[in-house]
Amino acid sequence: IRLSLPSILSGIRFMQILVEIPPALLDAMQRTPQEFDAEAKMALAAKLYEMKRLSSGMAATIAGVSRVQFLRELYRYGVPVIDLTEAELAADLANA
């Protein structure tokens, strides 16, 4: 299965990542190659967002969805949309 990042932004080249998946895995997961491709992109984007390596917009681009759709899907991967420490939250509330 070839995971290719979507060409959403004109003029920007995207890297491709090749992941070899045994066909039996797709059968066991009950996924088509296209479904697995979309799910793998979303999982990668969600993890990189969770690790604070990507903004939500950049992660959405990798996942091939809108930013709003990306943020709405994060719960499926156990990733909070807003991840503030107690101190950060207190500082935000103090400045509100």
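Please read all numbers here as calculations on a predicted model, not as lab measurements. Each chain carries its own residue numbering, running from 1 in the direction its sequence is written. The predicted nature of this model means local features are confined to residues of pLDDT at least 70 and side-chain atom pairs, given and counted, to a pLDDT of 80 or more, with totals for whole chains, interfaces and linings taken over all residues. Here the side-chain values reflect all heavy atoms present in the structure, with hydrogen atoms and water set aside.

*Asks:* Explain the layout of surface pockets residue by residue, including any values.
*Replies:* As defined here, a cavity is a set of points on a 1 Å grid over the protein atoms alone where a 1.4 Å probe fits but cannot get out. A pocket is an open set with protein on both sides within 12 Å along at least five of seven lines, and residues line them when an atom is within 4 Å of a point. Grid points are joined across faces, edges and corners, and a volume is the space filled by probe spheres set on the points. In this structure, the largest pocket occupies an estimated 160 Å³ of space. As for the largest pocket, its lining consists of Arg31, Glu35, Ala38, Glu39, Met42, Ala63, Val65, Gln69, Glu73, Arg76 and Tyr77. Secondary structure elements are defined from DSSP: runs of H or I of at least 4 residues count as helices, runs of E of at least 2 residues count as strands, and each element is numbered from the N terminus. Per element, the largest residue contribution to the lining of the largest pocket is four residues, and it comes from helix α2 (residues 33–50). Its residues assigned to classes, the lining of the largest pocket comprises five nonpolar, one polar and five charged. Residues were grouped as follows: Ala, Val, Leu, Ile, Met, Phe, Trp, Tyr, Cys and Pro as nonpolar; Asp, Glu, Lys and Arg as charged; and all remaining residues, including Gly, as polar.

*Asks:* Before we move on, can you summarise the environment of alanine 38 with the specific residues and values?
*Replies:* The topology assignment puts alanine 38 in helix α2. On the basis of relative accessible area, alanine 38 is assigned to the partly exposed category, the value being 41%. Along the chain, alanine 38 and isoleucine 62 lie 24 residues apart, while their C-alpha atoms are 10.0 Å from each other. Only protein chains enter the accessibility calculation, which uses a 1.4 Å probe. A residue is then buried if its area is under 20% of the maximum for its type, exposed if over 50%, and partly exposed in between.

*Asks:* Could you give an account of helix α3 (residues 56–63), naming the residues involved and the relevant values?
*Replies:* Of all eight residues making up α3, six are buried, and the element is well covered by its neighbours. Of all the positions in α3, only Ser56, Ala59, Ala60, Thr61, Ile62 and Ala63 are classed as buried. Whether two residues touch is decided by their heavy atoms; if any such pair falls within 4.5 Å, the residues are in contact. Summarising the contacts, the buried residues of α3 are in contact with α2 and α4 (67–73). One or two steps after α3, the chain reaches glycine 64, where phi turns positive at roughly 75°.

*Asks:* Account for α2, with residues named and values stated.
*Replies:* For an α-helix, 3.6 residues make a turn, and residues three or four places apart therefore share a direction. A rise of 1.5 Å per residue sets the reference length of α2, with its 18 residues, at 26 Å; its end C-alpha atoms lie 25 Å apart and thus fit the reference within 8%. Inspection of α2 places Phe36, Asp37, Lys41, Met42, Ala45, Ala46 and Tyr49 among the buried residues, and these make up the whole buried set. Downstream of α2 by a residue or two, lysine 52 has a phi angle that is positive, lying close to 65°. For a helix, the expected span equals 1.5 Å multiplied by the residue count minus one.

*Asks:* Which residues make up the pattern of salt bridges, and what are the values?
*Replies:* Here a salt bridge means any side-chain nitrogen of Lys or Arg lying within 4 Å of a carboxyl oxygen belonging to Asp or Glu. Tallied over the entire structure, the rule returns four salt bridges. The salt bridge partner of arginine 31 is glutamate 39, with a shortest N-O separation of 2.9 Å. Arginine 31 sits in the partly exposed class, given a relative accessible area of 35%. As a salt-bridge pair, lysine 41 and aspartate 37 come within 3.2 Å of each other at their nearest N and O atoms. Taken together, the residues span about one helical turn, with lysine 41 and aspartate 37 both in helix α2 at a distance of four residues. An identical accessibility class is assigned to lysine 41 and aspartate 37; each is buried.

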